[in-house]
Amino acid sequence: MDKQLIAERFSKAIPTYPQEANVQQQIADKMIHLLTEHISFPCSKVIEFGCGTGIYSRMLLQALRPEELLLNDLCPEMKYCCEDILRKEQVSFLPGDAETVPFPAESTLITSCSALQWFESPENFFKRCNALLNNQGYFAFSTFGKENMKEIRELTGSGLTYRSREELVAALSTHFDILHSEEELIPLSFDNPLKVLYHLKQTGVTGISSSSSQQLRTRRDLQLFSERYTQEFTQGTSVSLTYHPIYIIAKKKEI
């Protein structure tokens, strides 16, 4: 996992992310609904890791009204995307890798939307979050499953190592009681494969790996990619791109 590459790609996508990240917006909406359905209020000390441009952050602030909301992202530049809510006294920003950055202890909720798939070891992070939460604390997140962007992975042979919902639940269950878990497939349609690549670039997701982007450097590479994509993934008059979100709400096990 080249985290420097990931940070660079997401930083470049800051101006275009909000209008292209429709799926991420949809996932954030659902996460807020699940949070309000499954966790107890008030939720005083909240940490959001991988906040990005703040789509989910603004929803958290409005829905949960925490006394403290700490936003974190691998890209320091994301701070400037969240300036509107960082003006509020209870909101702060801590840049850095969420797997190692020093988060405050005794938190009420640690949460994230569409970020955990970039982690080297989600399993170690689960253990760490358990230690950071208070005795009644919650851990809630969305990530992506094995079918995510299957079209790109099949054609390039590279991509992230996604965990299944069952694998995530099993890893979490050592430290947490699972209150809710579900998954869904969200298919998107595009006029042609080049518009798929444009969409991914505008959301920063081409940071998946350096090898996959190197495969598409020349005009001939793009032509072959487009031909194969059209052949394999045409549905009607468009081509598909699959998102596979997983949603989990968990509570720290009582000792």
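Just so it is clear, the structure is predicted and the values come from calculations on it, not from any experiment. (Residues numbered from 1 in each chain as written. Predicted model: local features only at pLDDT ≥ 70, side-chain atom pairs only at ≥ 80, totals over all residues. Heavy atoms only, no water.)

1. Brief notes about the packing of aromatic side chains
1) Next: The final tally for this structure, using the stated rule, is twelve aromatic pairs.
2) Next: Ring centres of phenylalanine 139 and phenylalanine 141 lie 5.1 Å apart, and the angle between their planes is 40 degrees; this geometry places the pair in the tilted category. This pair shows no difference in class: phenylalanine 139 is buried, exactly as phenylalanine 141 is.
3) Next: Ring centres 5.5 Å apart and planes at 55 degrees place the aromatic pair phenylalanine 225 and tyrosine 229 in the tilted group. Remark: tyrosine 229 and phenylalanine 225 occur in helix α12 (residues 219-233); sequence separation between them is four residues, near one turn of the helix.
4) Next: Overall, tyrosine 229 belongs to the buried group, its relative accessible area being 0%.
5) Next: Each residue in the set Phe49, Phe119, Phe125, Phe126, Phe139, Phe141 and Phe176 is aromatic and connected to the rest through ring pairs, giving one cluster. (Phe/Tyr/Trp six-rings, centres within 6.5 Å; stacked < 30°, edge-to-face > 60°. Buried < 20%, exposed > 50% of the residue type's maximum accessible area, 1.4 Å probe, protein only. Helix = DSSP H or I, 4+ residues; strand = E, 2+ residues; numbered from the N terminus.)

2. Topic: the side chain of glutamate 151
1) Next: Relative to the helices and strands, glutamate 151 resides in helix α8 (residues 150-156).
2) Next: Buried charge glutamate 151 goes without a salt bridge, the closest partner of opposite sign being lysine 150 at 5.4 Å.
3) Next: When residues no more than four places from it in sequence are discounted, the contact partners of glutamate 151 are Tyr229, Phe233, Ser240, Leu241 and Thr242. (Lys, Arg positive; Asp, Glu negative; His and termini not counted. Salt bridge = Lys/Arg side-chain N within 4 Å of Asp/Glu carboxyl O. Contact = heavy atoms within 4.5 Å.)

3. Overview of the pattern of salt bridges
For side chains bearing opposite charge, pairing can occur when the charged atoms are close.
1) Next: Summed over the entire model, instances satisfying the criterion amount to ten salt bridges.
2) Next: The salt bridge partner of glutamate 147 is lysine 150, with a shortest N-O separation of 3.6 Å.
3) Next: For lysine 253, the salt bridge is made with aspartate 177, and the minimal N-O distance between the two is 3.1 Å. Of this pair, lysine 253 sits in the segment after β10 (245-252) while aspartate 177 sits in strand β6 (residues 176-183), and the two are 76 residues apart along the sequence.
4) Next: Residues participating in the shared-partner salt-bridge network are Lys30, Glu182 and Glu184.

4. A short note on the domain arrangement of the protein chain
1) Next: The assigned domain composition of the protein chain is domain 1 (3-148 + 160-189 + 241-252) and domain 2 (193-239).
2) Next: One C-alpha centre belongs to domain 1, the other to domain 2; they are set 27 Å apart.
3) Next: Three residues stand out in domain 1 for area buried against domain 2, namely Arg9, Glu20 and Leu241, and they jointly supply 40% of the buried area on that side.
4) Next: Viewed at the interface, domain 2 and domain 1 are joined by zero salt bridges.
5) Next: Where domain 1 meets domain 2, there are one residue pair in polar contact (both at pLDDT 80 or more).
6) Next: At the level of elements, α1 (3-12), α2 (17-20), β7 (186-190) and β9 (238-243) are the ones that each hand at least two residues to the side of domain 1 that touches domain 2.
7) Next: Here the side of domain 1 that touches domain 2 takes four residues from α1, the largest share from any one element.
8) Next: Residue classes in the side of domain 1 that touches domain 2 are distributed as eleven nonpolar, two polar and two charged. (Domains from an automatic or database assignment. Buried area = accessible area lost by both parts, 1.4 Å probe. Polar contact = N/O pair within 3.5 Å; in protein donor to acceptor, adjacent residues only side chain to side chain. Nonpolar A, V, L, I, M, F, W, Y, C, P; charged D, E, K, R; others polar.)

5. Considering empty space enclosed by the protein
Summary: where empty space remains is shown by rolling a probe the size of a single water molecule over the atoms.
1) Next: Summed over all chains, the structure comprises three cavities of 30 Å³ or more.
2) Next: Of the voids in this model, the largest cavity is the one considered here, and its volume is about 560 Å³.
3) Next: Lining the largest cavity are 38 residues; nearest its centre among them are Phe10, Gly50, Ser114, Ala115 and Trp118.
4) Next: Mapped by element, the contributors of at least two residues to the lining of the largest cavity are α1, α3 (22-38), β1 (45-49), α4 (55-64) and β2 (68-73).
5) Next: Counting residues per element, the lining of the largest cavity draws most heavily on α1, at three residues. (1 Å grid on protein atoms, 1.4 Å probe; cavity = no way out; pocket = protein on both sides within 12 Å on 5 of 7 lines; lining within 4 Å. Points joined across faces, edges and corners; volume = space filled by probe spheres on them.)

6. Description of the UniProt feature "domain: Methyltransferase type" (unreviewed entry) in the protein chain
1) Next: In the numbering adopted here, UniProt assigns the feature "domain: Methyltransferase type" (unreviewed entry) to residues 48-141.
2) Next: The annotated region residues 48-141 carries 31% helix and 31% strand content, and the separation between its end C-alpha atoms amounts to 9 Å. (UniProt positions renumbered as here; feature names shortened; annotations may be inferred.)

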